[in-house]
Amino acid sequence: MSTNTESWGSRVGLVLAMAGNAVGLGNFLRFPVQAIQNGGGSFIIPYLVCFLLMGIPLLFVEWSMGRFGGKFGHHSTPFILDSMTKQQFWKYIGVFGIFTNLAVAAYYCYLESWTLAYIWHSIAGTFAPMNQGQVSDFFANYTDITTTTTGIPYEAIIFWLLCLFLNTWILSRGLSGGVEKVAKIGMPLLILFGIVLAIKAISLQAGKEGAINAGTVGLNYLWTPDFSTIWKPSVWLAAAGQIFFTLSVGMGSIQCYASYLKEKDDVALNAMSAGWMNEFVEVVLGGAIVIPITVGYFGIDGMQKLVNEVGGLGLGFRTLPYLFQQWGPVLAVVSGIFWFGLLFFAGITSSLAMGTPVMGFLQDEFRWKRQSAAWAFGIAVMILGLPTVIYFKQGAFDEYDYWAGTVSLVIFALFEIILFAWVFGMEKGWAEINKGADIKVPIIFKHIIKFVTPLLLGFVFIGSLPDIWDKLTGDYPWQVQFARGLLLAMWIGVAILVSVAYRKRIKEGRFTS
Amino acid sequence: MNTSALIMYLSANIVVTVFTVYFFVKVLKAPPHEPIDEHYPGAHEPKTFDAT
């Protein structure tokens, strides 16, 4: 019998936690860059079409799978998938749902710790005397762990450990006492910070506070449609990829959160609400901050140059802290706290979601107590994340992001939609989606889930094959090869644990399918 | 802003905001579901089957 008897404290808490799981740094830093690189305003058309044809169906599927597995006492994907079919190998596909969370948390917590450090530096006024080049160099120095930016040795490691401790402590407080409370505080604050910054960005005026353009010039550039791009397969691939990664589908964390629902609880309305909330943060807020501010100070050519050189992540950490200084000392501090606070809440609500499937697995299968499972997760993330911190500049961080945060998600989502629609069966699947539903789900989604979503996912997977091939055949330093080997060892290690848990279940007579 | 950019910006923002508010309000207003029968034996137990 599992030691896991947790449940959600409230429905609003669940929806906010699910939305927080989906909302991440990519909503603010990846989406606007994808939009300007893929047709500007017209990008929203393939983007929203992919949301309807792939995003929403996958949300329905993952929420339903989670609640279905939860009624058998499963809170992680290996045995949630196992409970849906008699075929033995699906539990090993479910390994992705633990592996991905562990591997993504390993590098994501480091990224999250940057936001904490930058909040600290915004308050301390570190960026006030710096010019643009110095603020940009600050980031390079910060991620070079041997260099100190505050006089504290190994500063990046200290903030990273602090962040890991914070995550572990919140997770050890449980679902309603920890994760849900953070979501209830973090999500409203994130939206509030986003609205304040978006208003400030859009209302920038040329000639004031050092700006050379009005904020609306950046908005105009971002939203001017280029309809000639709309039939390009690469634009649709980018839109599908953005929808896929922004919703945190294919990770196993949605199934885990949904597994704590009761059998007759709604999944359809909850899934729609959490999904659209993520879209609001991405399209309405994410599209109105970084690009308008950057174009306001550097012009369109300058912004494009920066995007090509440092990407969306670079704009957020290397450029914005300098631009905030142009707004005067008080607003610079407030904006720094709001911007990095917003990114921190976006990050922590996601990383907490990565901890729960791992904890659920340990509690269900090995009867660990919640606190022990949380600390085991924290220690595992620390060990596995160490290469991404030490070898950040050599590319270990990017390697984790590519295999665990990109490829693994697509593979798992492709398998789970096949399992749900074709193995479990669409009739049973449709009944699961509609059980206890507080909205009437249009029947067309039954056909979309069965035919269209698998095809779209296959399109995304095939579209990423040339990249995978380049990665596999490329020449990389040993640090990257080491990171790759560690990821493979991690997957195999989780698969062995699943196998041990399976044998243990048979021995104890608590098999569940 | 030029007209086409303004149309794209406003339409996308309005559509996304309306759906977000609509579904979130529905969540807030939805009546609580009936709890499962606490007296039903094994109501909270995982279903168990013979492994063989």
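Procedures and definitions
Residues numbered from 1 in each chain as written. Chains lettered and ligands numbered in written order. Predicted model: local features only at pLDDT ≥ 70, side-chain atom pairs only at ≥ 80, totals over all residues. Contact = placed C-beta atoms within 7 Å. Nonpolar A, V, L, I, M, F, W, Y, C, P; charged D, E, K, R; others polar. Buried ≥ 20, exposed ≤ 12 C-beta atoms within 10 Å, placed from the backbone. Helix = DSSP H or I, 4+ residues; strand = E, 2+ residues; numbered from the N terminus. Axes fitted to C-alpha atoms, helices over the stretch in contact; angles between N-to-C directions. Parallel < 35°, antiparallel > 145°, perpendicular 65-115°, else oblique. Left-handed = near helix turned anticlockwise from the far one by under 90°. Arc of directions from axis to C-beta. Core = buried A, V, L, I, M, F, W, Y, C linked by C-beta atoms within 7 Å.

## Overview of the interface of chain B and chain A
By a frequent convention, interface size equals the accessible area lost on bringing the separate parts together. Each partner contributes to the interface: chain B provides 27 residues, whereas chain A provides 36 residues. Looking at side-chain class alone, the side of chain B that touches chain A contains 16 nonpolar, 7 polar and 4 charged residues.

## Digging into helix α11 (residues 215-223) of chain A
For α11(A), a buried count of 9 out of 9 residues is recorded, marking the element as mostly surrounded by other parts of the structure. All of the buried residues in α11(A) are Gly215(A), Thr216(A), Val217(A), Gly218(A), Leu219(A), Asn220(A), Tyr221(A), Leu222(A) and Trp223(A). Next to the buried residues of α11(A) lie α3 (31-37), α10 (175-202) and α15 (290-324) of chain A together with α1 (3-29) of chain B.

## Digging into unusual backbone geometry
Located in the positive-phi region is Glu209(A), a residue other than glycine, with phi close to 55°. According to the C-beta neighbour criterion, Glu209(A) is partly exposed, with 14 such atoms within 10 Å.

## A few points about the packing of helix α4 (residues 44-70) of chain A against helix α12 (residues 233-246) of chain A
All names here are of chain A. Between α4 and α12, the shortest axis-to-axis distance is 8 Å and the interhelical angle comes to 55°. Here α4 is positioned oblique relative to α12, judged by the angle of their axes. Along this stretch, α4 crosses α12, giving a crossing that reads as right-handed. Touching Pro46, Tyr47, Cys50, Phe51, Met54 and Gly55 of α4 are Val235, Trp236, Ala239, Ala240, Gln242, Ile243 and Phe244, all from α12. When its residues are assigned to classes, the contact of α4 with α12 shows 11 nonpolar, 2 polar and no charged.

## Points about helix α19 (residues 426-434) of chain A
All names here are of chain A. Turning to α19, its buried residues number three or more, namely Gly429, Glu432 and Ile433. The arc that holds every buried residue of α19, seen down its axis, measures 100°, which confines them to one face. Opposite the buried face of α19, by more than 90 degrees, sit the exposed residues Glu427, Lys428 and Ala431. Residues of α19 that are buried sit in contact with α4, α14 (268-285) and α18 (396-423). At the C-terminal side of α19, Gly436 shows a positive phi close to 70°.

## Some remarks on the nonpolar core
Leu102(A), Ala103(A), Phe244(A) and Tyr400(A) are the most contacted members of the largest nonpolar core, which has 187 residues in total. Setting aside anything within four residues of it in sequence, one finds Tyr400(A) in contact with Ala103(A), Ala106(A), Tyr107(A), Thr388(A), Gly405(A), Ala483(A) and Leu487(A).

## Here we look at the environment of Ile496(A)
Residues and elements named next belong to chain A. Note that Ile496 resides in helix α21 (residues 478-508). On the neighbour-count criterion, Ile496 (11 C-beta atoms within 10 Å) is exposed. When the C-alpha positions of Ile496 and Val95 are compared, they lie 9.5 Å apart, and in sequence the two are 401 residues distant.

Fair warning: the whole summary comes from geometry, so function is off the table for now.
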